[in-house]
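Summary of the model geometry
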Amino acid sequence: MQTIFLQATTDGGMLPQLLMFGAIILVFYFFMIRPQQKKARDQKKFRDELTKGMNVVTIGGLHGKLVSIEDDTVTIEVDKGVRLTFDKSAISVEATARVK
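Residues numbered from 1 in each chain as written. Predicted model: local features only at pLDDT ≥ 70, side-chain atom pairs only at ≥ 80, totals over all residues. Heavy atoms only, no water.

**Observations concerning the packing of aromatic side chains**
Counted according to the given criterion, the structure contains 1 aromatic pair. Taking 5.1 Å as the distance between ring centres and 80° as the angle between the ring planes, the aromatic pair formed by Tyr29 and Phe30 counts as edge-to-face. Judged by relative accessible area, which is 34%, Tyr29 ranks as partly exposed. Overall, Phe30 belongs to the partly exposed group, its relative accessible area being 43%. (Phe/Tyr/Trp six-rings, centres within 6.5 Å; stacked < 30°, edge-to-face > 60°. Buried < 20%, exposed > 50% of the residue type's maximum accessible area, 1.4 Å probe, protein only.)

**Observations concerning the sheet that holds strand S4 (residues 82–87)**
An order of S1-S2-S3-S4 is seen for the 4 strands of this open sheet, with the pairing classed as antiparallel. Strands with a single pairing partner mark the edges of an open sheet, and in this sheet they are strand S1 (55–57) and S4. Recorded for the sheet is a direction-independent mean angle of 45° between the axes of neighbouring strands. Both strand S3 (residues 73–79) and S4 contribute to a ladder of 6 bridges, which runs antiparallel. Bridged to Ile76 within S4 is Leu84. (Pairing = 2+ DSSP bridges. Helix = DSSP H or I, 4+ residues; strand = E, 2+ residues; numbered from the N terminus. Axes fitted to C-alpha atoms, helices over the stretch in contact; angles between N-to-C directions.)

**Overview of the side chain of Arg47**
Looking at the secondary structure, you find Arg47 in helix H2 (residues 15–48). Salt bridges are absent for the buried Arg47, whose nearest opposite-charge side chain, Glu94, sits at 7.1 Å. Within polar-contact distance, the side chain of Arg47 engages the backbone oxygen of Ser89 at 3.1 Å. Polar contacts involving the side chain of Arg47 include one to the main-chain carbonyl oxygen of Ile91, which spans 3.0 Å. (Lys, Arg positive; Asp, Glu negative; His and termini not counted. Salt bridge = Lys/Arg side-chain N within 4 Å of Asp/Glu carboxyl O. Polar contact = N/O pair within 3.5 Å; in protein donor to acceptor, adjacent residues only side chain to side chain.)

**What to know about the confidence of the model for the protein**
Mean pLDDT over the protein stands at 87; residues scoring 70 or higher make up 87%. Between the elements of the protein, mean pLDDT differs from a low of 55, seen in helix H1 (residues 2–8), to a high of 96, seen in S4. (pLDDT = per-residue confidence, 0-100.)

**Some details on the pattern of salt bridges**
In the structure shown here, the tally under the stated rule is 4 salt bridges. Put simply, Lys39 and Glu94 hold a salt bridge, and the shortest N to O gap is 4.0 Å. Here Glu94 lies in helix H3 (residues 93–99) and Lys39 lies in helix H2, a separation of 55 residues in the sequence. The exposure class of Glu94 is partly exposed, given its relative accessible area of 39%.

Structure (structure tokens):
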């Protein structure tokens, strides 16, 4: 009978559940949301600092040299006389960093 009594009692009420829920939210923020925000900031900063003459790599793997930069587009020279226009968002930050 004592075993049944111990199983029927609740300990602490709702506070431990709220604390656990808060801890889960903190873990999600520090391990998922915050790193993604930092990565997005770094990508935006990189794209704002693009200059003519830089060797870049697109997200599709195309290597070339920046010939002109406009508001949202860049022109890349992939061979002598061969120029292609891309959105700035198509420049890969990670792949370009490996080329340097």
